[in-house]
Each structure stands twice: as structure tokens, then as C-alpha cells.
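Summary of the model geometry
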Amino acid sequence: MIDWDALEAANAPLGAFVDWDKGAVGGAGPLAGVTIGIKSNIAVKGLPWTGGMGTRRDIIADRDAAVVAQLRAAGAIILGTLNMHEAALGATTDNVFYGRTHNPHRHGHTPGGSSGGSGAAVAAGLCDVALGTDTLGSVRIPAAYCGIWGLKPTFGAVSDDGLVHLGTAFDCIGPLARDLDRLAQVWAVMAPGDASDAPFTRMLTLADIDQVPVQPAVEVGYQRVLSAIGLPSEALTLADPLAAIRLAGLVDSVNELIGGLGDARDGALVSDELKFVMKAVGVLPPAPEVVARTRAALIAALGDDAVLVMPTAPQSAFAHGERAPVTQADFTSIASVAGLPALALPAGVDAAGLPVSVQLVGPPHSEARLIALARHIEASIHGYAPPRP
């Protein structure tokens, strides 16, 4: 039985959930009793389906998204929908229409985004698992800032039916969880048949990783993960700077958003922040050749036996109201434009007690293998730390 009063009280200082389904019940199946929150750009029958946008605040989903239906059929309890950055275009989850979401590790700090409500709800224990969406890092950045595990699947591995898209070329629905057993359990329902856990035999690192400055604690966590993996290491050189790769994906996604909003993009139900981003990015030229080069290089370098290891975000969570670092998605965008699976994992905390994170990127459909490697890493470094009271 769900104690809705207790859940609402716990959510109030965080602002993670925006709508509840108080009639939710679970069923029999592999996820019986597992509570799940859903990012508000994924349809949950009977609940607002906003995508974090003011323009959609009156839209009620008339059916579940395909992945939500899968989870219900497996017995999961769908608690409600979660706050997110407006239109999934940003990584602070400070939403002028649906409120500010706080990081459970430090009130007043961002949980990341755009799946910030998903990261905060899981880290705070409001739900066992949450679904987020990842265009250029929007599952992995909240997982990093909130100190949990977040999986961006192989592009197309999970149905995008019922998703309010930001960028159809990159968008993926993925799970976030506080422990790897639960993540693996939910992933097995989301992508049945992906059971291979054959070990990786090689490890790739970025040859030019220092082009993105990282905080000292992030570097410490990164080095601990490399040592824990202990595989033969090869340096990967990409033809384009990481910032150019991120920008190529961003331009593509922003142009799609502009087209979808049409004349509404200049209206009162679009924030000034989003208007600014659309105007600033929308005038930049597309760079499909950067996307193609990155995808081809990464797939070739990984083969079927290598894992790419790099920080998730270059920094830990920052205070709401501070200018968001432009480098937040420099590392996460690589897997996104390549359409490859990537798993963010906790790698300790900084001097202020805020989590840091490292990500693993694997060949297509290697999600189970990434989870298996993450188990090995966690057993070695014990990187997970729950929020302090």
C-alpha cells in the first residue's frame, strides 16, 4: 500500500514529482511492488503530458507510452510524472511553469537535467526507479549530479512511442536507479532479450580529454574507475573537438524544436530562457558531417569488445541561479550522436559531499555488459553515497 501523504511530504521540499496517480496499483510479474516515476515528456494515461512546457500544460495523455505499458504489465506501480527542464532543452530543471527541483544531496543545487525530477526522485528514495530521456546527456547528467546510476540505451532499443521529442535523431528513454540490481531488473523488462554479459577485453580513453577542464574530484573518480577496470588501454582520437560534437547535436535538436513549436515559440507560454536558446542556436549552421564522423569513428574503435571510459559531467552539481557550465554535455554528447549505449555510475563525492560520476560507453546493444562492468567497478571503489540527512 502506497502512503501517499508521506510521499507528498517527502516530495514537497524537492519538487521532483509534479503529478501523482493516486489510483496506481501494481500487479504480478517480475516488477511486482517496484515503484516507478515517469518523466513528464513520456505519456502516462490520465496524467498531464507536458514535456515540461507551458504550451502543453492542458494536455492529458489518453494512453500509456509503450514503455510505460511494458512496465505496468510486468507488475510495476507507476506513481506519477516527474519534473523536467522545459522542452528537455537544458540541464538545471529550474522550470518556470512547474517549479524548481532540488538536488537531494544539497538543497538549492540543481539535480541536473533535463531529467532532473527523475534523478532527484530516485536519489531521495521517492521511487525505486525513474524513467528519463536522453538527447545529449539528459539521463546521465542527472544521474551524475544526484549520485545514482543512469542508462542511456542504444538508439532505438526502447520504443519512443508516447514521447514528446526534442531530437528524434538522438532521443532515448532510459532508466535511473539507486542500485544496479534494480537497474538490471527494469532493463530486462524494457529490452527483453538483451542478456549478453560477455566481458570487455579492451578499454578506450579520450586522447584529448584535457580539452574539457574537469574538477579535481571528478578526475580522482575517473582515475579510480580506470584502475578498477584494469583492462589494456588505448587512446581514441576524434576528428572534431568535443564542443563541436555537442554543438552539432544541439543545433539539430533545437531546429526540430523550433519547427515543432511553430508560432507558439514567441508566446507567453514559452520561457525567456528557452526563447533565448532557440534564437541563439537556431541561427547556427547544421553540421551533419560532424555527427557522421563521430559515429563512424566510435563504432569502429569500439568494435564488439571495447568500452570507452570518461567522466560523465566535468563538474558536480552547482547552485540554482548560477550560470550553467557550457561543458555539462561535452562528454555525454559523444555516445548520443553515435547512437551508442552509455551508463553513468557514481564515483564518489567531492569535498562538499556532492557526487561525481564516470560513464561507460559500449558497442550497440551492450547495455547488459555495461551493467556487469559497473558491478565490478562498484565492488572495487564503492562509489555510491546516499544523500546525507
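Below is a short write-up of the structure. (Residues numbered from 1 in each chain as written. Predicted model: local features only at pLDDT ≥ 70, side-chain atom pairs only at ≥ 80, totals over all residues. Heavy atoms only, no water.)

We now examine the environment of Asp161. As for its position among the elements, Asp161 is in the loop between strand 7 (149–152) and strand 8 (172–177). The exposure class assigned to Asp161 is partly exposed, which follows from its relative accessible area of 27%. Distance in space between the C-alpha atoms of Asp161 and Ala65 is 5.6 Å, their sequence separation being 96 residues. Among residues more than four places away in sequence, those in contact with Asp161 are Arg63, Asp64, Ala65 and Ala66. A distance of 2.9 Å separates the side chain of Asp161 from the side chain of Arg63, its partner in a polar contact. Engagement of the side chain of Asp161 in a polar contact is seen with the backbone nitrogen of Ala66, the distance being 3.0 Å. (Helix = DSSP H or I, 4+ residues; strand = E, 2+ residues; numbered from the N terminus. Buried < 20%, exposed > 50% of the residue type's maximum accessible area, 1.4 Å probe, protein only. Contact = heavy atoms within 4.5 Å. Polar contact = N/O pair within 3.5 Å; in protein donor to acceptor, adjacent residues only side chain to side chain.)

As summarised here, the arrangement of the 11 strands in space is 1-3-2-6-8-7-12-13-11-9-10, forming an open sheet in which the pairing is mixed. Edge positions in the sheet fall to strand 1 (17–20) and strand 10 (233–236), since each has one partner strand and no second. Strand-to-strand twist across the sheet, computed as the mean angle between neighbouring axes with direction ignored, equals 30 degrees. One ladder, built from 4 bridges, connects strand 9 (residues 202–206) with strand 10; its direction is parallel. The residue bridging Leu204 from the neighbouring strand is Glu234, located in strand 10. (Pairing = 2+ DSSP bridges. Axes fitted to C-alpha atoms, helices over the stretch in contact; angles between N-to-C directions.)

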